[in-house]
Amino acid sequence: MTRAATLAEIAQEAGVSAPTVSKVLNGRADVAPATRERVEELLRRHGYRRRGGARTSPLLDLVFHELESSWATEVIRGVENVAREEGLSIVLSESAGRLTPGQSWVDGVLARRPTGVLLVLSGLDRSQQEQLAGRGIPFVVMDPAGDPGQGVPAVGTTNWDGGLAATRHLVDLGHRRIGLIGGPGRMMCSRARADGYRAALDIAGIAYDPALVREGDFHHEAGHRIGLELLSLPDRPTAVFAGNDLQALGLYEAARELGLRIPEDLSVVGFDDLPLARWVGPPLTTVRQPLTEMAEVAARLVIDLARGTRPGALRVDLATSLVERSSTAPPRKPSLTVDGAPVRP
């Protein structure tokens, strides 16, 4: 078996002192960027791993790519439930919309030495993964934006099944012109929900119409803007799968502006089942994504990894379920007219 290099040997090869290598390991800021890069490369090349017994802080690092909605609140609640039981505190950060946090965030994690790291709709590049692994800091990705990579612990949900269930519900009500306001194409969950939507149409023998499909960004504003586009079409959809609850609420606003009633003139299905889905008028039919439970599973998984427990599965997907409320109904039959006057059927 090849002997792992010591810090002193890595320092000698890098042409720096052992304390400098220690500073790099601990994420200290007082190291020149070129020196840090050289030492990190040698640590990776030698597969350095911090020896057992290294002290960690009773912290969980929780990082979001965006932190601005009740979606994030549900995740924080789940992590807090587990952290409270385990006597851990939470360090909360945001990567400002980037799907991979910057090096300054990594340096902060290395300096804090948390029990573990949870990344939500984010991920780490190979270099960042190796830096955390080398310091013995486990991490778990929740609702990964892309393929987290083989061997990366991840907790998600059955997005394809959810997209299928949402669209099939509308098909079963009798809708045939069903629109889709998806999420960002770069996100794996968005693509899976859109694929479920398309599968439901295929199963029902309904031709896929790209004119009824738009890519959103999971924000309210996108639902409103795209909703106005779809509902202003000459042959508008009678139902829309909004891809998430925030876009569904934007669609609600667009329908009101155009004088359309929900569900009489337009059926709407969301995705997430945020608390606000029950409070809007009419209450929103949506696909429940168990966000709090997902966060609890992810938190317990990273704590188990920190304790050296090897989980039965590194990839866990929790089931989605359709929650039927009042925003969906069969499509209205077109009125019969003769010379512009309504005729009783």
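Bear in mind that the values here come from a model prediction, so they are computed numbers and not experimental data. (Residues numbered from 1 in each chain as written. Predicted model: local features only at pLDDT ≥ 70, side-chain atom pairs only at ≥ 80, totals over all residues. Heavy atoms only, no water.)

### Considering the side chain of histidine 219
And step 1. Turning to its location among the elements, histidine 219 is positioned in the loop between strand S7 (213-215) and helix H9 (220-231).
And step 2. Since its relative accessible area comes to 17%, histidine 219 is described here as buried.
And step 3. Polar contacts involving the side chain of histidine 219 include one to the side chain of glutamate 66, which spans 3.1 Å.
And step 4. Contacts of histidine 219, omitting those with residues within four sequence positions, involve Glu66, Glu68, Leu246 and Gln247. (Helix = DSSP H or I, 4+ residues; strand = E, 2+ residues; numbered from the N terminus. Buried < 20%, exposed > 50% of the residue type's maximum accessible area, 1.4 Å probe, protein only. Polar contact = N/O pair within 3.5 Å; in protein donor to acceptor, adjacent residues only side chain to side chain. Contact = heavy atoms within 4.5 Å.)

### Notes on the pattern of salt bridges
And step 1. Applying the stated criterion across every chain, the model contains 14 salt bridges.
And step 2. The salt bridge involving glutamate 74 is made with arginine 77; its shortest N-O contact spans 2.6 Å. Of this pair, glutamate 74 and arginine 77 both sit in helix H4 (residues 70-86), 3 residues apart, which is roughly one turn of the helix.
And step 3. With relative accessibility at 13%, the residue glutamate 74 sits in the buried group.
And step 4. The closest approach of N and O atoms between arginine 325 and aspartate 273, which form a salt bridge, is 3.0 Å. Residue arginine 325 is located in the loop between strand S12 (321-323) and strand S13 (337-338), and its partner aspartate 273 is located in the loop between strand S9 (267-272) and helix H11 (276-279); the two are separated by 52 residues in the primary sequence.
And step 5. Members of the salt-bridge network, linked through shared partners, are Arg177, Asp209 and Asp235. (Salt bridge = Lys/Arg side-chain N within 4 Å of Asp/Glu carboxyl O.)

### Quick look at helix H7 (residues 159-172)
Two residues of an α-helix separated by three or four positions point the same way, owing to the 3.6 residues in each turn.
And step 1. When the terminal C-alpha atoms of H7 are compared, their 20 Å separation across 14 residues agrees well with the 20 Å that a helix rising 1.5 Å per residue should span.
And step 2. Along H7, the residues classified as buried are Asn159, Gly162, Gly163, Leu164, Ala166, Thr167, His169, Leu170 and Val171.
And step 3. A positive phi of about 110 degrees marks glycine 174, the residue just after H7. (Expected span 1.5 Å × (residues − 1).)

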